[in-house]
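# Overview (structure and organization)
Below, each chain spelled out in residue letters.
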Amino acid sequence: MIAAQLLAYYFTELKDDQVKKIDKYLYSMRFSDETLKEITQRFRMELVKGLGRDTNPTAALKMLPTFVQSIPDGSEKGDFIALDLGGSNFRILRVRVSHEKKQTVQMESQIYDTPEDIVHGSGTRLFDHVAECLGDFMEKHSIKDKKLPVGLTFSFPCQQTKLDEGVLITWTKRFKASGVEGMDVVKLLNKAIKKRGDYDADIMAVVNDTVGTMMTCGFDDQRCEVGIIIGTGTNACYMEELRHIDLVEGDEGRMCVNTEWGAFGDDGRLEDIRTEFDREIDRGSLNPGQQLFEKMVSGMYLGELVRLILVKMAREGLLFEGRITPELLTRGRIETKQISAIEKSKEGLNKAREILTSIGVEPSDDDCIAVQHVCAIVSFRSANLIAATLAGILLRLKENKGVARLRTTVGIDGSLYKMHPQYARRLHKTVRRLVPDADIRFLLSESGSGKGAAMVTAVAYRLAEHSREITQTLSEFRLTTEQLLEVKKRMRIEIQNGLSKSTQETATVKMLPTFVYSTPDGSENGDFLALDLGGTNFRVLLVKIRSGKRRTVEMHNKIYSIPLEVMTGTGEELFDHIVQCISDFLDYMGMKNTRLPLGFTFSFPCRQTSLDAGILVTWTKGFKATDCEGEDVVSLLREAIKRREEFDLDVVAVVNDTVGTMMTCAYEEPNCEIGLIAGTGSNACYMEELRNIEMIDGEEGRMCVNMEWGAFGDNGCLDDIRTDYDRAVDDFSLNSGKQRYEKMCSGMYLGEIVRNILIDMTKRGFLFRGQISETLKTRGIFETKFLSQIESDRLALLQVRSILQHLGLDSTCDDSIIVKEVCGAVSRRAAQLCGAGMAAVVDKIRENRGLDHLNITVGVDGTLYKLHPHFSKIMHQTVIELAPQCNVNFLLSEDGSGKGAALITAVGCRLRQELNSK
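About the cut-offs
Residues numbered from 1 in each chain as written. Predicted model: local features only at pLDDT ≥ 70, side-chain atom pairs only at ≥ 80, totals over all residues. Heavy atoms only, no water. Helix = DSSP H or I, 4+ residues; strand = E, 2+ residues; numbered from the N terminus. Rg over C-alpha atoms; globule rule 2.2 N^0.38 Å. Buried < 20%, exposed > 50% of the residue type's maximum accessible area, 1.4 Å probe, protein only. Contact = heavy atoms within 4.5 Å. Lys, Arg positive; Asp, Glu negative; His and termini not counted. Charge placed at Lys NZ, Arg CZ, Asp CG, Glu CD. Polar contact = N/O pair within 3.5 Å; in protein donor to acceptor, adjacent residues only side chain to side chain. Phe/Tyr/Trp six-rings, centres within 6.5 Å; stacked < 30°, edge-to-face > 60°. Lys NZ or Arg CZ within 6 Å of the ring centre and 35° of its normal. Disulfide = S-S within 2.5 Å. Pairing = 2+ DSSP bridges. Axes fitted to C-alpha atoms, helices over the stretch in contact; angles between N-to-C directions. Patch = residues over 30% accessible without salt bridge, like charges linked within 9 Å, V, L, I, M, F, W, Y side chains within 5 Å. Areas by Shrake-Rupley, 256 points an atom, 1.4 Å probe, with all protein chains shown as cover. Salt bridge = Lys/Arg side-chain N within 4 Å of Asp/Glu carboxyl O. Parallel < 35°, antiparallel > 145°, perpendicular 65-115°, else oblique. Nonpolar A, V, L, I, M, F, W, Y, C, P; charged D, E, K, R; others polar. Expected span 1.5 Å × (residues − 1). 1 Å grid on protein atoms, 1.4 Å probe; cavity = no way out; pocket = protein on both sides within 12 Å on 5 of 7 lines; lining within 4 Å. Points joined across faces, edges and corners; volume = space filled by probe spheres on them. Core = buried A, V, L, I, M, F, W, Y, C linked by side-chain atoms within 4.5 Å. Arc of directions from axis to C-beta.

What follows deals with the overall build of the protein. Looking only at helices and strands, one finds 31 helices and 26 strands in the protein. Since a compact globule built from 918 residues should have a radius of gyration of about 29 Å, the 39 Å found for the protein marks it as more spread out than a globular shape. Taking the principal axes of the C-alpha coordinates as reference, the protein spans close to 130 × 70 × 50 Å. The buried share of the protein, reckoned over its 918 residues, is 59%. Excluding contacts between residues fewer than 6 apart, the proportion of contacts in the protein whose partners are at least 24 apart in sequence is 70%. Averaging the locations of the 117 positively and 132 negatively charged side chains of the protein gives two centres separated by 3 Å.

Following this line, the structure appears as structure tokens:
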């Protein structure tokens, strides 16, 4: 027993001694974490260089765009063929993806030889051979009559400008077929298939084996966004933000980039860590000076590295008692698979003895231990270097996503990773040390890159199908110039109907007289109170207007909310609430004892009989207070003031917010004779010739007309451009069948239109993996402010995703692109419809005045116009196109319609004084 223990002790001592000796000898192959972090940093710099348009030509990492912009989302289905060309064998697969209860994949494959004479012959012969094998495969599976989508895994560096094209940059591995470099391999294969003429194939995608690996793993785990090959060769790909890939147009979404990282260090960046053995391997290779990183880490070279080290150690008398055999001097005599065998923990030393004996050296126990340790150092260095470069990619993803902790999956394939007993564990451990703020799952690609090519094809097929259907769905929102001119023409007809006595009763655009005869002339003076009611908030303002050389307007205001129960309660409750707010404001300003003139901005359709009398025609914007419609709102306000018995006010004018906006802008710009609101609601007013307003007596001068254009289309005249989504929004609104134009172009409804489209697209499987969340089912959840945020040019898709996640929608990058497209289509149509309405108004004014050309200013207010990134621009453009004889200037109303109410009150007081003094 003691003898056995002594032997074990002696053996451990011997082993430790040998290990230390080898460690000292190969110290340059062992890296500290500091060194690895430095390599990661260099690699990250190379990534950026490869992505830049100007720096790419000289970059070692070519960062080739693959045009794979989406990973599988679980909804793919169909029958696909995959060709896998890139190794010693050529494989053809038939991949059937079906959806019964869950997604299943059936695969049948066959391996065909690629003989040396074909691999080294002409390109024509090579592709004829591929086409012949494909024909044989289709024959055997009785699918020659079907035109199935085909994906080609082509494991060589290719330049792509689209998914179904791959221009071979250079052959690698053992391939050398002539006349292929610089050619599109898809074209060459198509040509070979056509030449045969006995079957047809639709090659939809050409992918690199690394991309194939990522896609294969992406099918099982949708978090997979990195693919790595660690086998005979090595490479990596990952999903990069499109905005960072200078070589490709567009900045929406992501694209898989093939790093071709085997060439890392070709520019000398790794000289300080390359050893004499690495240099010797490079000198004796087919491509000296190229793929230097690959030569340090991949399966093709590790066996040879070990052999060179053993030769040198033997020469120096450190191994085999200095014996060197011809076999040991033969290049390629030690293979990487033998290294894997030697490093096995139990039988490794026996394997070492067996392998070393087969090459003629008679190893001692010491020699076997030493050789095992040499193998460990060489393979450990490989794992460490791969970990350092992978860390560079993971840190890049983390930075791109802007997250504190990265959660992702890396898909891996390759014989070295799979077969070596310690490799995977070492790699994982080092990666986790180098990227501590991350949860990384390593997923082994079970069925190789062939299935990945089928997956890329399946995704491409799904996206092409979806894209076609999405385009078709959104085409209803894309209005042609002819359609917009028709809308303008119909608006002109409705304007006329609203102005004419005989048709006013049935007209949808009511063209209500406001009894505002004049815009400000600058002589207005005094203190005025203004109320502004038109939405869920209610404002009370004190406006001090001073005339003279230096005209000033000073404002104080307070905002009060109107609870839903008051909006939908009784009229008395609503007006008592308003008066309570006025009382609070007068207390706040210390002005309860002054009888101030008051202007009331009341942003609902009113039929006015004078400046201070307005009969509510109908509630809009969610208001439903009873006993108000058909009543004079000024009388309701006066009665509520009386009921409170606290203060008295002189109600001079009731005005619409649109008129208020026009007056505010007219105070700054006398040429302003049109008011436009493009916010929660939509409306316009303008100065019409009195002679055209048949409901009012008088021929001379002008009066502002409140168009109430939101109701345009209520008679069905816009039905040909309304979509099913518009109808759904209308059907579920509080005022179904009314305000149809407003429901197509105002802020209150755009989000709801988008929500309806998103639900439909989700049901059809285009979005959110076909899962409709409870949030998405909630009416009104998709506020118009989200449209403005999502469409902002400054917003990356990542931020779009976070907005959607805030709404409980777990979106992919593709989802975000589609949502952005939907928002754009809906808001663009809104701006164009608003522009068509405005074009009708300016042309009407031009014709009223008998002018060839009109210069006019429109005063505008409203959140949609102010906050949406593109609405105003598109609307302006539409007006220019539809009313070319008018030069229209748009002036933003800075102080809202409250100041306008005070100005109308001031103008009313001025006109009243002028009348009294006559």
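From this point, the discussion proceeds with the structure in view.
Right, let's talk about the side chain of E673 for a bit. Tracing the backbone through its elements, the reader meets E673 in strand 22 (residues 672-678). Within polar-contact distance, the side chain of E673 engages the side chain of R702 at 3.3 Å. Non-local contacts of E673, meaning those with residues more than four positions away in its chain, are made with M662, C685, Y686, M687, R702, R849, I856 and T857.

Under the defined criterion, the tally for this structure stands at 21 aromatic pairs. Here the aromatic rings of W619 and F623 are separated by 5.3 Å at their centres, their planes lie at 25°, and the arrangement is stacked. Following the ring pairs from residue to residue traces out a cluster consisting of F600, F602, F604, W619 and F623. Positioned over the ring face of Y588 is K558, at 4.6 Å from the centre of the ring.

Counted by the stated rule, this structure contains zero disulfides. Among the cysteines around C158, which has no disulfide bond, C256 carries the closest sulfur, lying 14 Å off.

This paragraph deals with the sheet that holds strand 23 (residues 682-689). Strand order in this open sheet of six strands is 14-24-23-22-25-26, and the pairing throughout is mixed. This sheet does not close on itself; its edge strands, each paired only once, are strand 14 (512-513) and strand 26 (886-892). Of the strand pairs in this sheet, strand 23 and strand 24 (residues 702-706) are connected by five bridges, and their pairing is antiparallel. If you follow E688 over to strand 24, its bridge partner there is M703. Contacts from helix 28 (residues 813-848) reach strand 22, strand 23, strand 25 (854-861) and strand 26 within the one sheet, and its direction differs from that of strand 23 by about 5°.

A surface patch of like charges, here negative, comprises E565, E572, E573, D627, E631 and E639. By secondary structure assignment, the location of D627 is in the loop between strand 20 (613-616) and helix 20 (633-644). The exposure class assigned to D627 is exposed, which follows from its relative accessible area of 63%.

This part is about the pattern of salt bridges. A side chain of one charge can pair with a side chain of the opposite charge when the charged atoms of the two come close. All chains considered together, the criterion is met by 73 salt bridges. Linking D79 and R94 is a salt bridge whose minimum nitrogen-to-oxygen distance equals 2.6 Å. Placement of D79 in strand 2 (residues 78-85) and of R94 in strand 3 (residues 89-99) is noted, with a sequence separation of 15 residues between them. The exposure class assigned to D79 is buried, which follows from its relative accessible area of 16%. Of the residues examined, R94 reaches a relative accessible area of 6% and is grouped as buried. Here the salt bridges share partners, and the residues they tie into one network are E271, R274, R279, D282 and K295.

The contact between helix 16 (residues 481-499) and helix 30 (residues 871-882) brings their axes to 11 Å, and the two run at 80°. On the basis of their axis angle, the class for helix 16 and helix 30 is roughly perpendicular. Two secondary-structure elements touch here, helix 16 through T481, L484, L485 and K488 and helix 30 through T878, E881 and L882. Looking at the contact of helix 16 with helix 30 residue by residue, the class counts come to three nonpolar, two polar and two charged.

Our next topic: helix 19 (residues 571-589). Along its 19 residues, helix 19 runs 27 Å from first to last C-alpha, staying within 8% of the 27 Å computed at 1.5 Å per residue. For helix 19, the elements touching its buried residues are strand 15 (526-533), strand 16 (537-546), strand 17 (552-561), helix 18 (564-567), strand 18 (597-602) and helix 20. Backbone geometry just after helix 19 places G590 at a positive phi near 65°.

Under the criterion given, the structure shown has three cavities of 30 Å³ or more. Space inside the largest cavity adds up to approximately 80 Å³. Together, L64, P65, T66, F154, F156, C158, Q160, V206, V207, N208 and N258 line the largest cavity. Within the residue set of the lining of the largest cavity, elements represented by two or more residues are strand 1 (64-65) and strand 8 (202-207). Split by residue class, the lining of the largest cavity holds seven nonpolar, four polar and no charged. For the second largest cavity, the calculated volume is near 50 Å³. Lining the second largest cavity are L512, P513, T514, F602, F604, C606, Q608, V654, V655, N656 and N706.

Turning our eyes to something else, we now look at the nonpolar core. Membership of the largest hydrophobic core comes to 113 residues, with the highest contact counts inside it found for M707, W709, F782 and M838. No other element matches helix 28, which puts 17 residues into this core. If near-sequence neighbours (up to four positions away) are discounted, M707 is found in contact with M491, I495, V509, K510, M511, N683, A684, C685, Y686 and V841. I39, L47, M63 and A370 belong to the second largest nonpolar core, which has 110 residues in total.

Further remarks concern the pairing of strand 19 (residues 606-610). Direction of pairing for strand 19 relative to strand 20: antiparallel, over a ladder of four bridges. Counterpart to C606 in the pairing with strand 20 is L616. A loop of two residues connects strand 19 with strand 20, the two strands running antiparallel in sequence.

What follows is about helix 5 (residues 185-196). Taking 1.5 Å as the rise per residue, helix 5 with twelve residues should run 16 Å; its terminal C-alpha atoms sit 17 Å apart, in good agreement. Among the residues of helix 5, those classed as buried are V185, V186, L188, L189, A192 and I193. Take helix 5 and look down its axis: the buried residues cluster within an arc of 165°, on one side only. Facing away from the buried surface of helix 5 by more than 90 degrees, the exposed residues are K187, K191, K194 and K195.

Below, the discussion takes up the pairing of strand 2. For strand 2, a buried count of seven out of eight residues is recorded, marking the element as mostly surrounded by other parts of the structure. In this structure, strand 2 lies alongside strand 5 (residues 149-154), joined through five bridges in parallel fashion. Each bridged residue has a counterpart across the sheet, and for I81 the counterpart in strand 5 is V150.

For sheets, the rule is that strands pair by backbone hydrogen bonds, running either parallel or antiparallel. Here five strands make up an open sheet; going across it, the order is 17-16-15-18-21 and the pairing mixed. Since the sheet does not close on itself, it has two edges, and those belong to strand 17 and strand 21 (650-655), each with one partner. If you compare each strand with its neighbour and ignore which way they point, the axes differ by 20° on average. In this structure, strand 18 lies alongside strand 21, joined through five bridges in parallel fashion. Paired with T601 across the two strands is V655, which belongs to strand 21. Helix-sheet contacts for helix 20 involve strand 15, strand 18 and strand 21, and the interaxial angle to strand 21 is about 145°.

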